[in-house]
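# Summary of the model geometry
Chain residues, written in single-letter form:
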Amino acid sequence: MRTLIVLRHAKAAHVAGLADRDRPLTGRGEHDAERAGKRIREMGLAPDLVLCSPALRTRRTAELAFPGLEPSYEREIYEAYPDELLELLRRTDADAGTVVLCGHNPGVHELAVELAGGDYVFRPGAFAVIRTDSAWTDLGPSEGDLVMRWDPKED
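Counting restarts for each chain, with residues numbered from 1 along the sequence as it is written. Whole-chain, interface and lining totals are the exception, using all residues; otherwise, since this is a predicted model, local features are given only for residues with pLDDT of at least 70 and side-chain atom pairs are given and counted only at 80 or more. To obtain the side-chain values, all non-hydrogen atoms of the structure were included, while hydrogens and water were left out.

## A word on the packing of helix α3 (residues 82–90) against helix α4 (residues 107–116)
A pair of packed helices is captured by two measures, namely the crossing angle of their axes and the spacing between those axes. Geometry is summarised by axes, namely lines fitted to C-alpha atoms with helices restricted to the contacting stretch, and by angles between N-to-C directions that run from 0 to 180 degrees. Under the scheme used here, helices are H or I runs from DSSP no shorter than 4 residues and strands are E runs no shorter than 2 residues, and both carry numbers assigned from the N terminus. As a packed pair, α3 and α4 sit with axes 8 Å apart at the nearest point and diverge in direction by 70°. With respect to their mutual orientation, α3 and α4 come out roughly perpendicular. When α3 is examined against α4, the residues Pro 82, Leu 85, Leu 86 and Leu 89 are found in contact with a partner set consisting of Gly 107, Val 108, Glu 110, Leu 111, Glu 114 and Leu 115. Nonpolar residues are Ala, Val, Leu, Ile, Met, Phe, Trp, Tyr, Cys and Pro. Charged residues are Asp, Glu, Lys and Arg, and all others, Gly as well, are polar. For the contact of α3 with α4, a count of residues per class yields 7 nonpolar, 1 polar and 2 charged. Put simply, angles under 35 degrees are roughly parallel, angles over 145 are roughly antiparallel, angles from 65 to 115 are roughly perpendicular, and the rest are oblique. Contact definition: two residues touch when any of their heavy atoms are within 4.5 Å.

See the structure below:
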């Protein structure tokens, strides 16, 4: 059994003249990222690997949610389509039992729905926990079960 935590970066600021990749989290975003990590720990989940977009807002979300863990920054997560994210997951080390993918919408939301179905919004800071019996190399559409999802605005 493998567990995938699909995490959308927390709320980011829009700053005139600042490149999209350099957008920081807002105060609420910082708070929600910490809350997401706390909720994940309360579920008894401890990531073996955090795959993270190199954008500032995703890096900061991962830092706050998983203090002490060094994420693997993957350029291809930024602006990725679900099939690209799936290909990245298929290259994950077989020994990793719990993996976090911290990225951007719409890709992360579409990936979660493709893997495990569901009809829900995926606001900034939200995450979905998906379990699968498939090996990472074999992961594909409809091969996961949505265990739970969390939305900072609903908690």
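## Re the environment of Leu 49
Of note, Leu 49 is situated in strand β2 (residues 49–52). Relative accessibility thresholds used throughout: buried, under 20% of the residue-type maximum; exposed, over 50%; partly exposed, between the two (1.4 Å probe, protein chains only). Residue class for Leu 49 comes out partly exposed when judged on its relative accessible area of 23%. For the pair formed by Leu 49 and Glu 70, sequence separation is 21 residues and the distance between their alpha carbons is 8.4 Å. If we ignore the near neighbours within four places in the chain, the residues touching Leu 49 are Ser 72, Thr 92, Thr 98, Val 99 and Val 100.

## With respect to α4
For α4, the full list of buried residues reads Gly 107, Val 108, His 109, Leu 111, Ala 112 and Leu 115. Buried residues in α4 make contact with β1 (2–8), α3, β4 (98–103) and β5 (127–132). Gly 117, located one to two residues past α4, shows a positive phi value of around 70°.

## Some details on the packing of aromatic side chains
For this analysis, a ring pair means two rings from Phe, Tyr or Trp (six-membered ring only for Trp) whose centres lie within 6.5 Å, classed as stacked if their planes differ by under 30 degrees, edge-to-face if by over 60, and tilted for the remaining angles. Overall, the coordinates contain 2 aromatic pairs when judged by the stated rule. Seen from their ring centres, Phe 127 and Trp 150 are 5.5 Å apart, and the 25° between their planes marks the pair as stacked. Of the two residues, Phe 127 is situated in strand β5 and Trp 150 in strand β6 (residues 145–150); the sequence distance between them amounts to 23 residues. Residue classification places Phe 127 among the buried residues on the basis of a relative accessible area of 0%.

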